[in-house]
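Here are the chains, one letter per residue:
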Amino acid sequence: MNRTTNKGYKKMKPTDNFTDDQLELLADKVRQGKISRRKFTQLGAALLGTAALASRGMPALADDGQLVFVSWGGDAVDAYDEAYGKPFEAATGVRVRQDGSGPTEGAMQAQFESGAPSWDVMDADAFSAESLGKKGMMEPIDYSVVDKSKMREGYGWEYSASTYFFSYVIAYDAAKFGDNPPTSMADFFDVEKFPGKRSMYKWGVGVWEALLMADGVAQADLYPLDVERAHAKLKDFKEHVISFWGNGAESQTLMLNDEASMALIWSTRARLLEQDTDGDVKSIWQDGVISPGAMAVIKGNPGGAANAMKFIASAQDPEKQMVMFDMLSQGPANPATDDLIPEDQRRFNPVAPGNFEQQVSVDVEWYEENYGAALDEYLAIISS
Amino acid sequence: MIRITRPLILLAPLLAFLAFAYVLPFAGVIGWSVSIPEPGLQNYSSALTDPLILSVFWRTFRICAIVTVISVVMGYILSLLWVRGTPLVRTLTELCILIPFWISVLTRAFGWLALLSHRGLMNGWLEALGVIDDPLRMIRNEFGVIVGMVHFMIPFAVFPLAAAMRNVDERVLLAARGMAASRTRIFWQVFVPMTAAGLMGAALLVFVFAIGFFITPAILGGGRSVMVAELIYLRIFQSPDWGLAAAISVILMVAISALLTLLLKQLSPKGAE
Amino acid sequence: MIRLRPGLVATALAVLVGLFMLMPLLAVVPVSFTPKRFLSIPTDELSLRHYRTLYQDREWLEGIWMSLRIGVLSAGFATALATFFSIGIWMFRPRFAGLLMGIALLPMVAPPVVSALTLYFFLITLTKFNGVVAYDTMLGVALAHSVMIVPFAVVLVSVSLAQVDRRMDLAARAMGASLGTRVFKVIMPNIKFGVIASFFLTFVLSWEEIAVTIFITSVEAVTLPRLMWQGLRDNIDPAIAAISVVLIVIVAAVVVGRAAVTAVRAR
C-alpha cells in the first residue's frame, strides 16, 4: 500500500493507513461543508489524540464552508445580511455570518498575525487594506472573478475592491439656519454668520481637507495635503469645537441634542438625522469629501480565497447595491446602479451626477503614506 | 518537603493558571516593544521623548489620581452607613450601591450627556432656580470625565472599604467612648486607622482600574481628553505601530507597579508573630 | 453588635452621595420608554417597544443567557483561585510574596487593550488544539474573563484577610489542625463577606466586560456587551436602557425583599 499522494500530511508511517483514511473522510466532510473545521479538530483529536494530531499537521482543507463578513456594526449588520449575505447563501450554499466588531487596520493585522484568522471578508478602509497588503497580510483581489468594469474608474486597488461610497459632509441645524443655509466649507468655519458650536471627526479623515478648503485652497489643489497649514488653522479654530466625535452614533447624538449647530459627519448618518428629526437637520454636498468603502480579504482566510472572491463579485450586482443604498445610504460602486435609484432619493447619493461634482475625492495613496504621522499631530493639537 | 508543598497547594492553582493563560503570551506581546520594527530600544526613547505621549501620561495620572481620591472619600461615607447604619439606612444605601452596577457603560455615558449638557436637565433646573444665568459647561470636558469616572468607581471602592469596616472591633470603639472621647475623635483617631487596609485596597483598585478607562473619557471628554488607554488603543488598531504601543504599555506598567508596591506593603497581616 | 451609629453629619453626606449614585436613573428610565429608535428623552408619548424587543428579539435573550453563564463560571473560578491564593500568601508569607502578588495582579495592571491582544493570541493557540475552550466559544470567553477579573478578587479577599487575627490560625496549627481544617473551618468563615463580595464584584466585571470580549469573540459567543457594542457603533438603540431598567428592578426587588425578610424575622 503505497501512499503516493501527499494530502498535505507530514511524516507518514505505513501503519497509519486506517487512521489516515478516517481522517481523510472527515476532511472530505469539511470540504463539503458537512461539518465545521472545529468539529474536525475535535473528532480528529478523539481519533488520534491531540498531540498526535498537532504534530501530524492538518490535512489540506480548502475551506470551512462558510464566510465571516466583518462590518462596523449596528444597522450595517442587518443591511449586509439582507443585501449580500442571504442572496449569496441562496445561490452558492455558502453561509455568510455577520460580525460587527469593526475591522480596524490593527484588528486585521492581529487576525493575520495569529496564524489562524477567523475573518474572511471585511468592509475595510482602502488605505488600510493596501498598507497591510503590501506586508503580505491580504489576499490580492482576483480580478478575473471580481469585475473591474463594474466599478468606477480608478477605484479597484490591488488588495481591496470598491464596493460603496460615503462622504464627509456638512450637517447643519436647519431649524436655526433654514432660510440661510451654509453653502460652502468657508461657512462651516464662520462662527459669526453661523453662530453655535461645531463638531468634527476625531480621527482626522476629511477634516484636513475641510480646513484647507476653508483656508482658500481649491479642491483640485488639495493633494498632497499641506498638513502644517491645516493644523495652523485647527489651532485657531478648535475653541469653537465642542466635541470631536469618534463613532457614528456620537455624531448623531451631537446634532440630535443640539450640542453643535454644524458638524462634519458621514453622509450616511446625515441622511438618518434628516429622517429622524423630520428635516430639522439637513446636509449639503458642496465641499464634501468622498471616501471609498471597500472589501478586502485576509490572506489565509478560513473560508478560502475562492469563495471570498465570489462573494465580492456577487456584491457588484446593481440590485443588491440598491438595497445597501436603501438601508445604509451607501453610494453605489457600480455605476449601473445609479439609474435604479428613484428620482426623489437621488439627492442622498454621494456619487450621483450633480452631487459628485461638488465634492472632492479622498486620495487613498496619500493616506496610505501619511495618515499615521498626520493623525498623531492632529490628536496632539486637539487634546492640548 | 512539607515546608514547600503546603503553601504550594494554595498558591499554585492561580499562579499556574496565570502563567499559562496570560504571562507567557503577554511576554510575547511585550517583546514587540524591542523587536518591532527593528530590534533595539528606539520605541522606548520615542515614547519617553514624544510630547504627545508625555502629555497623555501626565493627563491620565492627574485625572486618575483626582478620581481615586474623590471616589474613595465618597465611597467611605457610603460604606460607613452601609455597614454601621440602622437597618433602614442600610437597605437604602445598599440600593444606592448596587443599582448603578447594572447601568451599562454606554447607557451611563448617554445619561450623563442628557443630564449635564448645556441643554440638559441640570442646567435646566439651575437656570429655573435662578442659580445661574448661562448654562454651565459640565460635559465634553475634563469635568464631565471626572464625574463619569467617579460615579462608576464609587461602588468598586465601597466593597474593600466595607470589608475592612465590618471587621472593626466594636469594643475598641466603645472603650474609647468610655474614656470620654468625642465622636469626631473616635472616628478620626480610632476608626479610620483601623480601616487602613480597606483604604489602601480601595485606592489601589480604583486607581489601577481608572487608568485602563478609555470609553467613558472618550465620550464624556468631547474626544479631547486622550488618556493613555485610548492612546494604546489608537496605536494598536487605528494607526498601528505595535512596537510603540508595547513600549508605552511597559512604561505605564512599571510606573503603576512602583506605586502598587508602596501601597501593598500596607496590606500585610497583623497579629503576633 | 453595633452600638455607635454614624452621626447626623455622616448621614447627611451619605444622602448626598447616594443621590449622586442614583442620578443617571433620571435619564436612563425615561429613555427606555422613548418611542423613537434612538437614545432620546421622550417628550410627548411613552412607548414599551424597547421592552418588547428584549423578549421578542432572540438575539437579546441569547446575549443575556450567554453573559449569565460566562459570568457565573468566570466569577466562580476566579473567586476560588483568588481565595486560595490570598489565604496562601497570608498564611505562609512566602519569601517572594511581592513578586507573586505582582503576577496575580498583572492582568489588572496591564492596559486593557494589551490584555485583549494577549488573550486573543492565547485563545487562538488553544483553538489549534481543540474546539471547546477556544476563540469565540463560551468556555474560552469564560476563561479569558477569569484572567481579567481574578486580580480584583485577590485584592478584595486580601483586604478581608488583613483584618483577621493571625493568632487564630497559629492556635489552630498549634492544636494540630490540618491545612484543610485551617483553611476551611478557621479562616474562611472569617472572610465570608470578602469572598461573597468577590464573587459578586467579579460577576459584575464579567457581565460588563467589553474591551477584551470584542477581540475574542466573533459570531458565536456573543455576550450582552458585545451585542450592545455592535449595535452602538453605528446606532443608539434604547433597548440597552430597557435592559438596565429591568435589571435594576430585579436587583431592587432582591434587596428590599431580603431586608423585609430580615426585619420580619427580627420581630
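Residues numbered from 1 in each chain as written. Chains lettered and ligands numbered in written order. Predicted model: local features only at pLDDT ≥ 70, side-chain atom pairs only at ≥ 80, totals over all residues. Heavy atoms only, no water.

### Some words on the overall build of chain B
Phase 1: Regarding its fold elements, chain B presents 13 helices and 0 strands.
Phase 2: The order of helices and strands in chain B, counted from the N terminus, is α-α-α-α-α-α-α-α-α-α-α-α-α.
Phase 3: Summarising its shape, the C-alpha atoms of chain B cover approximately 75 × 70 × 30 Å along the three principal directions.
Phase 4: Evaluated residue by residue, chain B yields a buried proportion of 60% over its 273 residues.
Phase 5: Within chain B, contacts between residues separated by at least 24 positions form 70% of all contacts whose residues are at least 6 apart in sequence.
Phase 6: Carbon and sulfur atoms make up 70% of the accessible area of chain B, which amounts to about 11,000 Å² in all.
Phase 7: The centroid of the 19 positive side-chain charges in chain B is displaced by 11 Å from the centroid of its 12 negative side-chain charges. (Helix = DSSP H or I, 4+ residues; strand = E, 2+ residues; numbered from the N terminus. Buried < 20%, exposed > 50% of the residue type's maximum accessible area, 1.4 Å probe, protein only. Contact = heavy atoms within 4.5 Å. Areas by Shrake-Rupley, 256 points an atom, 1.4 Å probe, with all protein chains shown as cover. Lys, Arg positive; Asp, Glu negative; His and termini not counted. Charge placed at Lys NZ, Arg CZ, Asp CG, Glu CD.)

### Examining the pattern of salt bridges
Phase 1: Per the counting criterion, the structure on display carries 22 salt bridges over all chains.
Phase 2: With a shortest N-O distance of 3.7 Å, D187 of chain A and K193 of chain A are connected by a salt bridge.
Phase 3: The class of D187 of chain A is buried, set by a relative accessible area of 8%.
Phase 4: The residue E259 of chain A makes a salt bridge to R140 of chain B at a minimum N-O spacing of 2.9 Å. With E259 of chain A in the loop between α11 (248-256) and β7 (262-266) and R140 of chain B in the loop between α6 (121-128) and α7 (142-166), the pair connects residues from two separate chains. (Salt bridge = Lys/Arg side-chain N within 4 Å of Asp/Glu carboxyl O.)

### Comments concerning helix α1 (residues 8-22) of chain C
Phase 1: If you check α1 of chain C, its first and last C-alpha atoms are 21 Å apart, about what 15 residues at 1.5 Å a residue would give, namely 21 Å.
Phase 2: Residues of α1 of chain C that are buried include every one of A10, A14, V17, G18, F20 and M21 of chain C, and no others. Each buried residue of α1 of chain C sits inside an arc of 155° when the element is viewed along its axis, so together they form one side. Residues L8, V9, L16 and L19 of chain C are exposed on α1 of chain C and point more than 90 degrees away from its buried face.
Phase 3: For α1 of chain C, the elements touching its buried residues are α3 (51-84), α4 (87-98), α5 (105-116) and α7 of chain B. (Expected span 1.5 Å × (residues − 1). Arc of directions from axis to C-beta.)

### Here we look at the environment of A305 of chain A
All names here are of chain A.
Phase 1: Within the element layout of this structure, A305 appears in helix α13 (residues 305-314).
Phase 2: Looking at A305, the relative accessible area reads 26%, which means it is partly exposed.
Phase 3: Between the C-alpha atoms of A305 and I141, which are 164 residues apart in sequence, the distance is 9.1 Å.

### As for helix α9 (residues 179-187) of chain C
Phase 1: Residues L179, R182, V183, V186 and I187 of chain C constitute the buried set of α9 of chain C. Buried residues of α9 of chain C fall within an arc of 120° about the axis and therefore sit on the same side.

### Side note on the environment of I187 of chain C
Residue and element names in this part refer to chain C.
Phase 1: With respect to the helices and strands, I187 occurs in helix α9.
Phase 2: With a relative accessible area of 2%, I187 lands in the buried category.
Phase 3: For the pair I187 and V212, spaced 25 residues apart in the sequence, the C-alpha separation amounts to 34 Å.
Phase 4: Apart from the residues within four sequence positions on either side, I187 is in contact with I87, W90, M91, L161, D169 and R182.

### Observations regarding empty space enclosed by the protein
Over the atoms rolls a probe the size of a water molecule, and in doing so it shows where empty space is left.
Phase 1: Inspection of every chain in the model, using the stated rule, returns 5 cavities of 30 Å³ or more.
Phase 2: In this structure, the second largest cavity occupies an estimated 520 Å³ of space.
Phase 3: Every residue lining the second largest cavity is counted, 27 residues in all, and those nearest its centre are F209, G212 and F213 of chain B together with P112 and E209 of chain C.
Phase 4: Only α7, α10 (196-211) and α11 (215-220) of chain B together with α5 (97-109), α7 (138-162) and α10 (192-208) of chain C provide two or more residues apiece to the lining of the second largest cavity. (1 Å grid on protein atoms, 1.4 Å probe; cavity = no way out; pocket = protein on both sides within 12 Å on 5 of 7 lines; lining within 4 Å. Points joined across faces, edges and corners; volume = space filled by probe spheres on them.)

### Looking at the confidence of the model for chain A
Residue and element names in this part refer to chain A.
Phase 1: Overall, the prediction assigns chain A a mean pLDDT of 83, with 83% of residues at 70 or greater.
Phase 2: Under a pLDDT of 50 for its full length, residues 1-15 has, in the predicted model, 17 contacts with residues more than four places off or in other chains.
Phase 3: Counted against residues more than four places away or in other chains, residues 49-62, with its pLDDT under 50, gives 33 contacts. (pLDDT = per-residue confidence, 0-100.)

### Overview of the interface of chain A and chain B
Phase 1: The interface is formed by 30 residues belonging to chain A together with 26 residues belonging to chain B.
Phase 2: Around 2,400 Å² of area is buried between chain A and chain B when both sides are counted, 55% of it from carbon and sulfur atoms.
Phase 3: At the boundary of chain A and chain B, one finds 4 salt bridges.
Phase 4: A salt bridge links E230 of chain B to K202 of chain A; its shortest N-O distance comes to 2.5 Å. (Buried area = accessible area lost by both parts, 1.4 Å probe.)

### Focus on the interface of chain C and chain B
Phase 1: The interface of chain C with chain B comprises 104 residues on the first partner and 98 residues on the second.
Phase 2: Summed over both partners, the interface of chain C with chain B buries about 9,500 Å², with 82% contributed by carbon and sulfur atoms.
Phase 3: Taken as a group, L4, M21 and Q163 of chain C account for 8% of the area that chain C buries against chain B, more than any other trio of residues on that side.
Phase 4: The interface formed by chain C and chain B includes 1 salt bridge.
Phase 5: Counting across the chain C and chain B interface gives 8 residue pairs in polar contact (both at pLDDT 80 or more). (Polar contact = N/O pair within 3.5 Å; in protein donor to acceptor, adjacent residues only side chain to side chain.)

### A word on the nonpolar core
If you look at soluble globular proteins, the nonpolar side chains tend to sit buried side by side.
Phase 1: Formed by 313 residues in total, the largest nonpolar core has its most connected members in M200, W208 and Y367 of chain A together with F85 of chain C.
Phase 2: If we ignore the near neighbours within four places in the chain, the residues touching W208 of chain A are W203, L225, V227, A230, H231, Y367, Y371, A374, L375 and Y378 of chain A.
Phase 3: Membership of the second largest hydrophobic core comes to 13 residues, among which are W90, F92, L179 and V195 of chain C. (Core = buried A, V, L, I, M, F, W, Y, C linked by side-chain atoms within 4.5 Å.)

### Digging into a nonpolar patch on the surface
Phase 1: A contiguous nonpolar patch, built from I66, V69, I70 and V73 of chain B and spanning about 310 Å² of accessible area, is present on the exposed surface.
Phase 2: Structurally, V69 of chain B can be placed in helix α3. (Patch = residues over 30% accessible without salt bridge, like charges linked within 9 Å, V, L, I, M, F, W, Y side chains within 5 Å.)

### Observations regarding the pairing of strand β3 (residues 121-125) of chain A
Residue and element names in this part refer to chain A.
Phase 1: Of all 5 residues that make up β3, 4 are buried, and the element is covered over most of its length.
Phase 2: Where strand β1 (residues 66-70) meets β3, 2 bridges bridge the pair, whose relative direction is parallel. Among the inter-strand pairings, V70 is bridged to a residue of β3, identified as M122.
Phase 3: Of the pairings in the sheet, the one linking β3 to strand β8 (residues 281-297) comprises 5 bridges and is antiparallel in character. (Pairing = 2+ DSSP bridges.)

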